[in-house]
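What the coordinates show
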Amino acid sequence: MKLVTIDDIRDAAQRIATDIVRTPLLPAGWGDPDRPLWLKPENLQPIGAFKIRGAFNALGRLDPDVRARGVVAYSSGNHAQAVAYAAAAYGVTAHIVMPEETPNVKVEATRGHGAEVVLCGAGQREQVADELVIRTGGVLIPPFDHPDIIAGQGTIGLEIAQDLTDVAAVLIPISGGGLASGIGTAIRALCPRAKVFGVEPELAADTAESLALGCRVEWPVAQRNRTIADGLRSTPSELTFAHLQQVLDDVIVVTEDEIRSAVRELAYRAHLIAEPSGAVALAGYRKAATPAGPTAVVVSGGNVEPPMLREILSV
């Protein structure tokens, strides 16, 4: 199995440079003095999440004649918006499959970018997407299980390495593993002494179990769907798991209360709106004894339903 390289990530950075926001690395002065905290606010991307990077890289790599047939994607929300946004930029059609339990704010945002949204039952999105590929002739843009997606997400790691050359630790949310695979690959190549940690909810901690056992363990969809972090309910593929085995030093598992606390901390201390999935890396920073030195925490997204945000902030 061929893994993504730092050269793939550098190529992706050039390809998507004019389509994304090169987010700043923000110092958070209230962090642990022994572990200076830096936030990478991917919630500031045009679609409110990091997924735009992989989507633009994947679409940009397609042959123009293939791309003209349109694209199909499946996603719980942020990848859906990213593919819809990138497809609109390229002037091609997009059909997006989303689970029925997806927060409405993400469904409406995807439609707002011009995509046709197809809702499906839990655990059915891959099957429905395959049917759409056959019916529409479009090309499938998967949410994480593709080298072009991984390389696109890895551009975040490239930017962290450029902006914080002495970074000691990088904390990254884990779901399907594309984000951690890409960032981890970049950090391993450019900052080899830094430690790379994945962070996931304890209610969807299949990656932590899989890495401990040395083989992929896929939790049932209903079990993973219990977490408030709706963007972290996927499980790694063979491709992303192979990357994670190479680039992660450990996985930090956080509770639902710790995730909610991190959302509040980002809102009140950093003035950043993060969805629960986007706040888990900060929850991991608060929970685990990561190495001393500058620490980069990826705030991966900010697409949260207003009622949920009000409920979390009201505590």
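Look above for the structure.
Residues numbered from 1 in each chain as written. Predicted model: local features only at pLDDT ≥ 70, side-chain atom pairs only at ≥ 80, totals over all residues. Heavy atoms only, no water.

1. What about the packing of helix α1 (residues 6-16) against helix α7 (residues 147-163)?
We apply this condition: Whenever a helix is involved, its axis is fitted only over the stretch in contact; in every case the axis is a line through C-alpha atoms, and angles between N-to-C directions fall within 0 to 180 degrees. Segments assigned H or I by DSSP are reported as helices when at least four residues long, segments assigned E as strands when at least two residues long, and all are numbered from the N terminus. Should an angle lie under 35 degrees it is considered roughly parallel, over 145 roughly antiparallel, and from 65 to 115 roughly perpendicular; all remaining angles are considered oblique. Contacts are residue-level and defined by heavy atoms, with any inter-residue pair within 4.5 Å sufficient. Polar here means any residue outside two lists: the nonpolar Ala, Val, Leu, Ile, Met, Phe, Trp, Tyr, Cys and Pro, and the charged Asp, Glu, Lys and Arg; Gly therefore counts as polar.
Closest axis-to-axis distance for the α1/α7 pair is 8 Å, and the angle between their directions is 95°. As summarised for this structure, α1 and α7 are arranged roughly perpendicular, according to the angle between their axes. In this structure, α1 contributes Ile6, Asp8, Ile9, Arg10, Ala12, Ala13 and Ile16 to the contact, and α7 contributes Ala151, Gly152, Gly154, Thr155 and Leu158. Residue composition of the contact of α1 with α7, by class: 7 nonpolar, 3 polar and 2 charged.

2. Topic: the sheet that holds strand β10 (residues 295-299)
Keep this limit in mind: We call two strands paired when DSSP finds no fewer than two bridges between them.
Read across the sheet, 6 strands follow the order β1-β2-β10-β7-β8-β9 without closing on themselves; strand pairing throughout is mixed. Unpaired on one side and paired on the other, β1 (26-28) and β9 (250-254) mark the two borders of the sheet. The sheet shows a mean angle of 30° between the axes of neighbouring strands, taken without regard to direction. Judged from the 5 bridges that link them, strand β8 (residues 195-201) and β9 form a sheet pairing that is parallel. Within the sheet, the bridge partner assigned to Gly198 lies in β9 and is Val251. Contacts between helix α9 (residues 206-213) and the sheet are confined to β8 and β9, with β9 contributing the most and set at about 145° to the helix.

3. Some details on the sheet that holds strand β4 (residues 94-99)
Whenever strands of a sheet pair, they do so through backbone hydrogen bonds, lying parallel or antiparallel. If you walk across this open sheet you meet the 4 strands as β5-β4-β3-β6, and the pairing is parallel. Lying at the two open borders of the sheet, with one neighbouring strand each, are β5 (116-120) and β6 (139-140). Strand direction decides the pairing type here: strand β3 (residues 71-74) and β6, joined by 2 bridges, are parallel. When the bridges of β6 are listed, Val72 appears paired with Leu140. Helix α4 (residues 78-90) contacts β3 and β4 of the sheet and is inclined by roughly 170° relative to β4.

4. Things to note about the packing of aromatic side chains
In this description, a pair of aromatic rings is defined by centroid distance and the angle of the planes. This is how the line gets drawn: Whether two aromatic rings pair depends on their centres lying within 6.5 Å, for rings of Phe, Tyr and Trp, where Trp uses its six-membered ring; planes under 30 degrees apart make the pair stacked, over 60 edge-to-face, and the rest tilted. Relative accessibility decides the category of a residue: with a 1.4 Å probe and only protein chains considered, values under 20% of the type maximum give buried, values over 50% give exposed, and everything between is partly exposed. Both a distance and an angle decide whether a charge sits over a ring: NZ of Lys or CZ of Arg must be within 6 Å of the ring centre and within 35 degrees of the ring normal.
A full pass over the atoms with the stated rule returns 2 aromatic pairs. A centroid spacing of 6.0 Å and a plane angle of 80° characterise the contact between Phe56 and Tyr85, whose relative ring orientation is edge-to-face. Here Tyr85 lies in helix α4 and Phe56 lies in helix α2 (residues 51-61), a separation of 29 residues in the sequence. For Tyr85, a relative accessible area of 26% corresponds to the partly exposed category. Ring geometry for Phe56 versus Tyr90: centroids 6.3 Å apart, planes at 45°, classification tilted. Placement of the pair is Phe56 in helix α2 and Tyr90 in helix α4, with a sequence separation of 34 residues. Owing to a relative accessible area of 32%, Tyr90 belongs among the partly exposed residues under this scheme. Through a chain of ring-to-ring contacts, the aromatic side chains of Phe56, Tyr85 and Tyr90 assemble into a single cluster. The aromatic ring of Tyr285 is capped on one face by Arg35, whose charged end is 4.2 Å from the ring centroid.

In short, geometric facts, not functional conclusions.
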